[in-house]
Amino acid sequence: MQIDDFYDVLEKERLRRFLHEGAPLGTTSSKVCVFQDGPRWVTLHTDERAAVITTTRRTFTAQPEALDDAVNGLRFLRDLAEFRR
């Protein structure tokens with residue numbers, strides 16, 4: 001997925017509130033993080049206490065692959081939030 005398509009999906013599917021663009025911080029609770037780490041791209045999820053869920057960390061050699069994975073994670077978080085209502 002290209003970056004323009006990624007942002008289109010974020011807007012159309014209302015996923016932006018679950019996204020953090022960059023490495024996780026102490027304030028990134030219940031987010032999907034996507035960022036570049038040297039030559040690799042990384043996606044991961046954080047829990048409600050902003051801790052990295054280590055089993056969700058994935059690395060990719062190209063940005064489009066990381067963006068695809070991030071969208072899948074964002075959809076999961078959205079669906080989980082809707083289910084909990």
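All values reported here derive from a predicted model rather than from experimental measurement.

A. Summary view of the overall build of the protein. From N to C terminus, the protein includes two helices and four strands. Counting from the amino terminus, helix and strand elements in the protein follow one another as α-β-β-β-β-α. Since a compact globule built from 85 residues should have a radius of gyration of about 12 Å, the 12 Å found for the protein is in line with a globular shape. For the protein, buried positions account for 36% of its 85 residues. Expressed as a percentage of contacts within the protein between residues at least 6 apart in sequence, the contacts between residues at least 24 apart total 34%.

B. Local environment of helix H1 (residues 3-12). Of the residues making up H1, those classed as buried are Phe 6, Val 9 and Leu 10. Within H1, the buried residues cover an arc of 105° as seen down the axis, which keeps them to one side. Away from the buried face of H1 by more than 90 degrees, exposed residues Asp 4 and Lys 12 are located. Contacts made by the buried residues of H1 are with strand S1 (19-21) and helix H2 (63-84).

C. Inspection of the sheet that holds S1 at higher detail. The mixed open sheet is built from four strands, whose spatial order is S1-S2-S3-S4. Bordering the open sheet on either side are S1 and strand S4 (52-60), each of which pairs with just one other strand. Across the sheet, the mean angle from the axis of one strand to that of its neighbour is 20°, orientation sign disregarded. Pairing between strand S2 (residues 32-37) and strand S3 (residues 40-46): six bridges, direction antiparallel. Across the sheet, residue Phe 35 finds its bridge partner in S3, namely Val 42.

D. Up close: the environment of Ser 29. Residue placement: Ser 29 occurs in the loop between S1 and S2. Placed 23 residues apart in sequence, Ser 29 and Val 52 show a C-alpha to C-alpha distance of 9.0 Å. When sequence neighbours within four positions are dropped, the list of residues in contact with Ser 29 reads Thr 46, Asp 47, Glu 48, Arg 49 and Ala 50.

E. Examining the pairing of S2 more closely. In this structure, S1 lies alongside S2, joined through three bridges in parallel fashion. Along S2, the bridge assignment pairs Glu 21 with Val 34. Linking two consecutive strands that pair antiparallel, namely S2 and S3, is a turn of two residues; a positive phi of about 65° is found at Gly 38 within it.

Cut-off values and rules
- Residues numbered from 1 in each chain as written.
- Predicted model: local features only at pLDDT ≥ 70, side-chain atom pairs only at ≥ 80, totals over all residues.
- Heavy atoms only, no water.
- Helix = DSSP H or I, 4+ residues; strand = E, 2+ residues; numbered from the N terminus.
- Rg over C-alpha atoms; globule rule 2.2 N^0.38 Å.
- Buried < 20%, exposed > 50% of the residue type's maximum accessible area, 1.4 Å probe, protein only.
- Contact = heavy atoms within 4.5 Å.
- Arc of directions from axis to C-beta.
- Pairing = 2+ DSSP bridges.
- Axes fitted to C-alpha atoms, helices over the stretch in contact; angles between N-to-C directions.

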